Amino acid sequence: MRSFSLLQEAIIPYIPTLITQLTQKLLAVSKNPSKPHFNHYMFEAICLSIRITCKANPAAVVNFEEALFLVFTEILQNDVQEFIPYVFQVMSLLLETHKNDIPSSYMALFPHLLQPVLWERTGNIPALVRLLQAFLERGSNTIASAAADKIPGLLGVFQKLIASKANDHQGFYLLNSIIEHMPPESVDQYRKQIFILLFQRLQNSKTTKFIKSFLVFINLYCIKYGALALQEIFDGIQPKMFGMVLEKIIIPEIQKVSGNVEKKICAVGITKLLTECPPMMDTEYTKLWTPLLQSLIGLFELPEDDTIPDEEHFIDIEDTPGYQTAFSQLAFAGKKEHDPVGQMVNNPKIHLAQSLHKLSTACPGRVPSMVSTSLNAECDTALKCIFLIG
């Protein structure tokens with residue numbers, strides 16, 4: 001692995017021979033995987049081979065699939081638990097290398113990834129979620145047209161994951177990919193039930209981690225489907241629920257969101273709520289417009305609120321009887337950080353300034369009046385600076 005990493009492109013001519021030897025060794029040690037460090041670095045070497053070769057020639061991914069898939073199939077069929085999380089990580093890397101439609105060899109595997117037995121093993125979960133995300137990123141249209149009957153199974157995985165305090169963030173990773181990539185009409189019938197499940201978890205077992213993930217999700221939903229659609233789905237579940245979510249969750253908790261991409265998603269989503277949601281201007285929700293703007297300015301200007309209630313410092317020991325293979329992240333199978341609003345918005349502060357200007361033009365006098373009468377002095381100063389940037 002270190003030789004591959006050091007030599008980089010210089011090793012490309014030797015990769016076909018090396019990958020043949022690596023797959024032969026992989027098949028042999030899968031019969032008795034007794035050396036965890038050796039096994040881990042063997043998979044790292046495979047990933048590094050893929051990265052180096054496909055960076056120079058993306059079409060070479062097919063050659064790796066031909067070399068590896070027979071061995072991977074045997075590992076999966078023989079249920080080699082120590083190797084299965086590694087196999088899923090390598091398959092994610094291969095699938096993400098494809099630029100066009102998802103190959104049929106992957107689609108044949110897709111239904112098997114939803115089998116409950118795979119998700120019972122905690123060591124499988126991060127790698128399986130990553131692989132399903134790759135399916136959604138590369139093949140959402142194929143799933144919608146050729147595997148629509150599997151969408152309930154996909155949502156069943158999400159439901160299982162968000163019920164767990166340990167794995168709820170993985171459930172949100174999956175859900176966010178569904179919302180971002182699946183054609184809207186393919187998930188229309190499931191949207192309301194998704195929100196009901198999330199509200200049930202909020203009511204029964206609210207944690208800081210869950211709230212942070214929930215905030216990112218609802219803002220991504222707002223970006224994907226529109227601010228009015230978010231308001232309507234909340235109020236369709238229960239009258240005035242949109243206002244309750246704003247008042248009890250978004251406004252007081254948005255400062256807890258961490259991560260640059262996550263903060264950007266929330267900033268763009270809240271900007272849409274402020275400037276593209278008519279009920280925020282003309283109904284009882286109008287009283288929440290300025291507090292929501294104030295919370296967004298705080299997200300831009302104030303340090304992250306990283307406080308955690310005392311009772312959340314104790315991690316629940318979940319019921320996982322018997323032997324459980326731990327998940328080991330492959331460094332060279334790592335996923336690049338993805339910004340779902342990158343093509344739409346570069347600077348969220350400029351986006352806020354431009355959106356408020358557009359709203360002011362559409363509603364003359366309203367925005368300056370609400371800002372001048374309700375915004376505190378610090379936020380007013382910060383907002384003026386944002387307008388100067390915009």
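Keep in mind that this is a model prediction, so the values were computed, not measured.

Now, about the overall build of the protein: what can you tell me, with residues and values included?
Each helix and strand counted, the protein has 21 helices and zero strands in total. Relative to the compact-globule value of 21 Å for 390 residues, the protein shows a C-alpha radius of gyration of 24 Å, a close match. Taken along the three principal axes of its C-alpha coordinates, the protein extends 75 × 45 × 45 Å. Burial analysis of the protein (390 residues in total) assigns 50% to the buried set. For the protein, restricting intrachain contacts to residue pairs at least 6 apart in sequence, the fraction spanning at least 24 positions comes to 77%.

Describe the packing of helix α9 (residues 151-162) against helix α10 (residues 168-181), naming the residues involved and giving the relevant values.
Two elements in contact, α9 and α10, have axes separated by 7 Å at closest approach and are oriented at 150°. Compared by their axis directions, α9 and α10 come out roughly antiparallel. The handedness of the crossing between α9 and α10 comes out as left-handed. For the pair α9 and α10, the contacting residues are Leu154, Leu155, Val157, Phe158, Leu161 and Ile162 in the first and Asp168, Gln170, Gly171, Phe172, Leu174, Leu175 and Ile178 in the second. Class assignment for the residues of the contact of α9 with α10 results in 10 nonpolar, two polar and one charged.

Explain the state of the cysteines to me, using residue names and the numbers behind them.
Scanning the model with the defined rule gives zero disulfides in all. Free cysteine Cys47: the closest other cysteine sulfur is in Cys54, separated by 11 Å. No disulfide involves Cys266; its sulfur sits 11 Å from that of Cys222, the nearest cysteine.

Explain the packing of helix α2 (residues 15-29) against helix α4 (residues 61-77) to me, and be specific about the residues and the numbers.
Contact geometry of α2 with α4 gives a least axis separation of 10 Å together with a crossing angle of 5°. One element, α2, and the other, α4, form an angle in the roughly parallel class. In contact with Ile15, Ile19, Thr23, Leu26 and Leu27 of α2, α4 contributes Phe64, Ala67, Leu68, Val71, Phe72, Glu74 and Ile75. Grouping the constituent residues of the contact of α2 with α4 by class yields 10 nonpolar, one polar and one charged.

Can you tell me about the side chain of Glu44, naming the residues and giving the values?
Residue placement: Glu44 occurs in helix α3 (residues 36-56). For the buried Glu44, no salt bridge is present, and the opposite-charge side chain at shortest range is Arg51, 7.8 Å distant. A distance of 2.8 Å separates a polar side-chain atom of Glu44 from the backbone nitrogen of Ala331.

Would you mind going over the pattern of salt bridges in detail, with residue names and values included?
In total, this model carries 15 salt bridges according to the counting rule given. Here Asp168 and Lys209 are joined by a salt bridge, their closest N and O atoms 2.4 Å apart. One end of the pair, Asp168, is in helix α10; the other, Lys209, is in helix α13 (residues 208-225), and 41 residues separate them in sequence. When its relative accessible area of 0% is taken as the criterion, Asp168 is described as buried. A salt bridge links Glu276 to Lys272; the shortest N-O distance between them is 3.1 Å. Residue classification places Glu276 among the partly exposed positions, given a relative accessible area of 40%. In this structure, a network of salt bridges that share partners links the residues Asp168, Arg201 and Lys209.

So, the nonpolar core: which residues are in play, and what are the values?
If you look at the biggest cluster of nonpolar residues, it comprises 132 residues, and the most contacted ones within it are Val90, Phe135, Leu198, Phe217, Ile218, Trp289 and Leu293. Of all the elements, α13 adds the most residues to this core, at 12 residues. Setting aside its immediate chain neighbours within four residues, Trp289 contacts Leu274, Met280, Met281, Leu356, Leu359, Val367, Met370 and Val371.

How would you sum up helix α15 (residues 241-253)? Please name residues and give values.
With 13 residues, α15 should reach 18 Å at 1.5 Å per residue; the first-to-last C-alpha distance of 17 Å fits that figure. Of all the bends found along α15, the most pronounced is centred on Glu247 and spans about 30°. Residues Met241, Phe242, Gly243, Val245, Leu246, Ile249, Ile250, Ile251 and Glu253 constitute the buried set of α15. Here the buried face of α15 lies against α12 (191-204), α13, α14 (227-237), α16 (260-275), α17 (279-282) and α18 (289-301).

Explain the packing of aromatic side chains to me, using residue names and the numbers behind them.
With the rule as written, the count across this model stands at 17 aromatic pairs. Measuring from ring centre to ring centre gives 5.3 Å for Phe43 and Phe83, while their planes differ by 80°; the resulting arrangement is edge-to-face. Within this pair, whereas Phe43 is found in helix α3, its partner Phe83 is found in the loop between α4 and α5 (84-97), the two being separated by 40 residues in sequence. A single burial state applies to Phe43 and to Phe83, both of which are buried.

Run through the confidence of the model for the protein, naming residues and quoting values.
Averaged over every residue, the pLDDT of the protein is 90; residues scoring 70 or more account for 93%. Every residue in residues 317-323 is under pLDDT 50, and counting partners more than four places away or in other chains gives six contacts.

Describe in detail unusual backbone geometry, supporting the description with residues and values.
Positive phi is not limited to glycine here, since Asp79 has a value of about 55°. Along the chain, Asp79 turns up in the loop between α4 and α5. On the basis of relative accessible area, Asp79 is assigned to the partly exposed category, the value being 33%.

Conventions used here
Residues numbered from 1 in each chain as written. Predicted model: local features only at pLDDT ≥ 70, side-chain atom pairs only at ≥ 80, totals over all residues. Heavy atoms only, no water. Helix = DSSP H or I, 4+ residues; strand = E, 2+ residues; numbered from the N terminus. Rg over C-alpha atoms; globule rule 2.2 N^0.38 Å. Buried < 20%, exposed > 50% of the residue type's maximum accessible area, 1.4 Å probe, protein only. Contact = heavy atoms within 4.5 Å. Axes fitted to C-alpha atoms, helices over the stretch in contact; angles between N-to-C directions. Parallel < 35°, antiparallel > 145°, perpendicular 65-115°, else oblique. Left-handed = near helix turned anticlockwise from the far one by under 90°. Nonpolar A, V, L, I, M, F, W, Y, C, P; charged D, E, K, R; others polar. Disulfide = S-S within 2.5 Å. Lys, Arg positive; Asp, Glu negative; His and termini not counted. Salt bridge = Lys/Arg side-chain N within 4 Å of Asp/Glu carboxyl O. Polar contact = N/O pair within 3.5 Å; in protein donor to acceptor, adjacent residues only side chain to side chain. Core = buried A, V, L, I, M, F, W, Y, C linked by side-chain atoms within 4.5 Å. Expected span 1.5 Å × (residues − 1). Bend = angle between axes of the 7 residues up to and from the residue. Phe/Tyr/Trp six-rings, centres within 6.5 Å; stacked < 30°, edge-to-face > 60°. pLDDT = per-residue confidence, 0-100.

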